[in-house]
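Commentary on secondary and tertiary structure
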Amino acid sequence: MTKRKRFMWPAVIGLSFTLMACGPDRSGVLEQLQPEPATEENKPDSLRVWVHDTETYLQAYKVIAEQFTEETGIEVQLVPFGLFDQLEAMSLDAPSGRGPDLFFQPHDMTGNAYLQGVAAEIELTDEQKEGYIDGSLEALSYNGVQVGIPASVETYALMYNADLIPEAPETIEALEQVGEELTDASSDQYGFLLEAQNAFFAYPFLAAYGGYFFGEDQGVYDVEDIGIANQGTVQGTELIRSWYEKGYLPSNLNGDIMNGLFLQGNVGAVVSGPWSINEYRNALGDQLRTAPLPMINGERLESFAGVKGWMVNEYSEHINWAKELALFMTSKESSEIFFDYAQEIPARSDIDLEDEVYDAFIEQLEYATFMPNVPAVSAVWEPLGDALIFISNGDDAEEVLVETQDMIEDEIEIMGGGEE
């Protein structure tokens, strides 16, 4: 998320419980610490940053860091560090003083990072908040506290092969028609494919009928209000099951199989994200097109969106200078550099990416909802993914989802309500 850049949300599930158990307690001495404002008098000689360890990230932030040094005189030490390994390392390294000043996280880890006491509260002025994509700052906040500064956003959309589908299907009925006309499983030909047994990608079809993870009011999630077993989720999973029954989706489908078939030109359309653009474009050239997800009952499907952003180490001796660096690295100018190298969508509304393949993802973001960022969400991914497998194999959807919700509620209770 270049190695395959797809977010690996379910991969962090088990990790979350561990982190919550071993991290320092935010309710202790941390809340008494008051960082000094960033001034010339307390300017550090250097700041240390953990950068996601892909080549494109390192190239982008090397350029951006050099510009920050030129402007401020502060050396920026970039340390390659895998995105999904950083939070676990922070739980040990931050309190011992070995952590960086800045680290990088997906937004669904916001609650975990904050409750562990490794991410500092960030105060931003109205001027500093300008220019970020709507909702991205809120996605990196927890119960009204700003915890991170957004760097990139992403969601998924329809990516199609214009050789097979001249125009993108605008409705779910049109998409199913593509499946009916192009699918010939005996020769590995398919009209459309998606990872429908992955809750991240299945969510739009659950939400279309009223399914949801947690109730939410003005950015605050109610983890006791779970919508996994409601009739909307049941109806959405039954729609997905019908695609398996009709043969549109093969039962053994996973991301690797889907990508392989699409790259071979055997699939009309897939649901994927901007992390696939380079690979798909190399294979399909100008025939790669993108479009927002189709509509159901006149409403555009609501996808899940993710944000990645910078968090300030609560134990840093230079909290406000680290914040200044995070703001610099996510400015309009720095974000253009980031896109040039990383080819990920910056979390800025004041940038023109000048690449029409990205247009559909930008448009889909208008219909997307950011994934819940409370720790309790880690109790949802795997059980719901298992439920989708059972249902697609023919099990009764309502029975499976009621049992699944019971499991989720039990796990959240074990977690202490998912917020402590």
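What counts, and where the lines are drawn
- Residues numbered from 1 in each chain as written.
- Predicted model: local features only at pLDDT ≥ 70, side-chain atom pairs only at ≥ 80, totals over all residues.
- Heavy atoms only, no water.
- Helix = DSSP H or I, 4+ residues; strand = E, 2+ residues; numbered from the N terminus.
- Rg over C-alpha atoms; globule rule 2.2 N^0.38 Å.
- Buried < 20%, exposed > 50% of the residue type's maximum accessible area, 1.4 Å probe, protein only.
- Areas by Shrake-Rupley, 256 points an atom, 1.4 Å probe, with all protein chains shown as cover.
- Lys, Arg positive; Asp, Glu negative; His and termini not counted.
- Charge placed at Lys NZ, Arg CZ, Asp CG, Glu CD.
- Pairing = 2+ DSSP bridges.
- Right-handed = clockwise from strand over helix to strand, strands pointing away.
- pLDDT = per-residue confidence, 0-100.
- Contact = heavy atoms within 4.5 Å.
- Phe/Tyr/Trp six-rings, centres within 6.5 Å; stacked < 30°, edge-to-face > 60°.
- Lys NZ or Arg CZ within 6 Å of the ring centre and 35° of its normal.
- Axes fitted to C-alpha atoms, helices over the stretch in contact; angles between N-to-C directions.
- Salt bridge = Lys/Arg side-chain N within 4 Å of Asp/Glu carboxyl O.
- Arc of directions from axis to C-beta.
- Core = buried A, V, L, I, M, F, W, Y, C linked by side-chain atoms within 4.5 Å.
- Parallel < 35°, antiparallel > 145°, perpendicular 65-115°, else oblique.
- Left-handed = near helix turned anticlockwise from the far one by under 90°.
- Nonpolar A, V, L, I, M, F, W, Y, C, P; charged D, E, K, R; others polar.

1. Digging into the overall build of the protein chain
What the protein chain contains, in helices and strands, is 16 helices and 17 strands. Radius of gyration (C-alpha) of the protein chain: 22 Å, near the 22 Å computed for a compact globule of 420 residues. The proportion of buried residues among the 420 residues of the protein chain is 57%. Counting only carbon and sulfur atoms, one obtains 43% of the accessible surface of the protein chain, whose full area is about 17,500 Å². Averaging the positions of the 19 positive and the 76 negative side-chain charges in the protein chain gives two centres separated by 7 Å.

2. Structural notes on the pairing of strand β2 (residues 75–80)
Direction of pairing for strand β1 (residues 46–51) relative to β2: parallel, over a ladder of six bridges. Bridge pairing in β2 links R48 to Q77. Note on the crossover from β1 through helix α2 (residues 55–72) to β2: the handedness is right-handed.

3. Points about the confidence of the model for the protein chain
Put simply, the protein chain has an average pLDDT of 91, and 91% of its residues get 70 or more. Low pLDDT, under 50, characterises residues 1–24; the stretch is placed with 67 contacts to residues that sit more than four places away or in other chains.

4. Things to note about the packing of aromatic side chains
The final tally for this structure, using the stated rule, is 23 aromatic pairs. Ring centres 5.3 Å apart and planes at 90° place the aromatic pair Y57 and F338 in the edge-to-face group. With Y57 in helix α2 and F338 in helix α13 (residues 332–342), the pair connects residues that are 281 residues apart, well separated along the chain. Taken together, the ring pairs connect Y156, F200, F201, Y203, F213, F304 and W381 into an aromatic cluster. The ring of Y367 has R300 sitting right over it, with the charged end atom 5.8 Å from the ring centre. Above the ring of Y132, the side-chain terminus of R348 is found at 4.7 Å from the ring centroid.

5. Here we look at the side chain of D93
Residue position: D93 is located in helix α3 (residues 86–93). Using a relative accessible area of 17% as the deciding quantity, one classes D93 as buried.

6. Some points on the sheet that holds strand β11 (residues 267–272)
With mixed pairing, the four strands of this open sheet are ordered in space as β8-β11-β7-β12. Of all the strands in the sheet, just β8 (190–193) and β12 (288–291) have a single pairing partner and so form its edges. Across the sheet, the mean angle from the axis of one strand to that of its neighbour is 20°, orientation sign disregarded. Here strand β7 (residues 157–161) pairs with β12 via four bridges, running antiparallel. Pairing of M159 across the sheet is with T290, part of β12. Sheet strands in contact with helix α7 (residues 172–182) are β8 and β11, and its direction is about 140° off that of β8.

7. Overview of the environment of D126
Mapped onto the fold, D126 is located in helix α5 (residues 126–129). Spatially, the C-alpha atoms of D126 and A157 are 32 Å apart, while their sequence positions differ by 31 residues.

8. Observations concerning helix α12 (residues 319–329)
Because an α-helix packs 3.6 residues into every turn, residues spaced three or four apart end up facing the same way. Taking burial as the measure, the eleven residues of α12 include ten buried ones, the bulk of the element. Taken together, the buried positions of α12 are I319, N320, W321, A322, K323, L325, A326, L327, F328 and M329.

9. Observations concerning the pattern of salt bridges
For the coordinates displayed, the defined rule picks out nine salt bridges. A salt bridge links K332 to E336; the nearest nitrogen and oxygen atoms lie 3.1 Å apart. Of this pair, K332 and E336 both sit in helix α13, four residues apart, which is roughly one turn of the helix. Residue K332 is classed as partly exposed on the basis of its relative accessible area of 30%.

10. A look at α7
Buried within α7 are the following residues: I172, L175, E176, V178 and G179. When α7 is viewed along its axis, its buried side chains cluster within an angular range of 150° and face the same direction. Looking at the packing, one finds that the buried side of α7 touches β8, α8 (199–207), α9 (231–245) and β13 (295–296).

11. Points about the nonpolar core
Core analysis: the biggest nonpolar cluster contains 101 residues, and L193, F205, F213, F214, W243 and L384 have the highest contact counts within it. When residues in this core are grouped by element, the largest group, eight residues, is from α8. Grouped together as the second largest cluster of nonpolar side chains are 34 residues, L47, W310, L327 and I337 included.

12. Examining the packing of α9 against helix α15 (residues 381–392)
Look at α9 against α15: their axes get within 9 Å of each other, and the N-to-C directions meet at 50°. Overall, the two elements α9 and α15 adopt an arrangement that is oblique. Handedness of the α9/α15 crossing: right-handed. On α15, the residues touching T237, I240, R241 and Y244 of α9 are L388, I391 and S392. Grouping the amino acids of the contact of α9 with α15 by side-chain chemistry returns four nonpolar, two polar and one charged.

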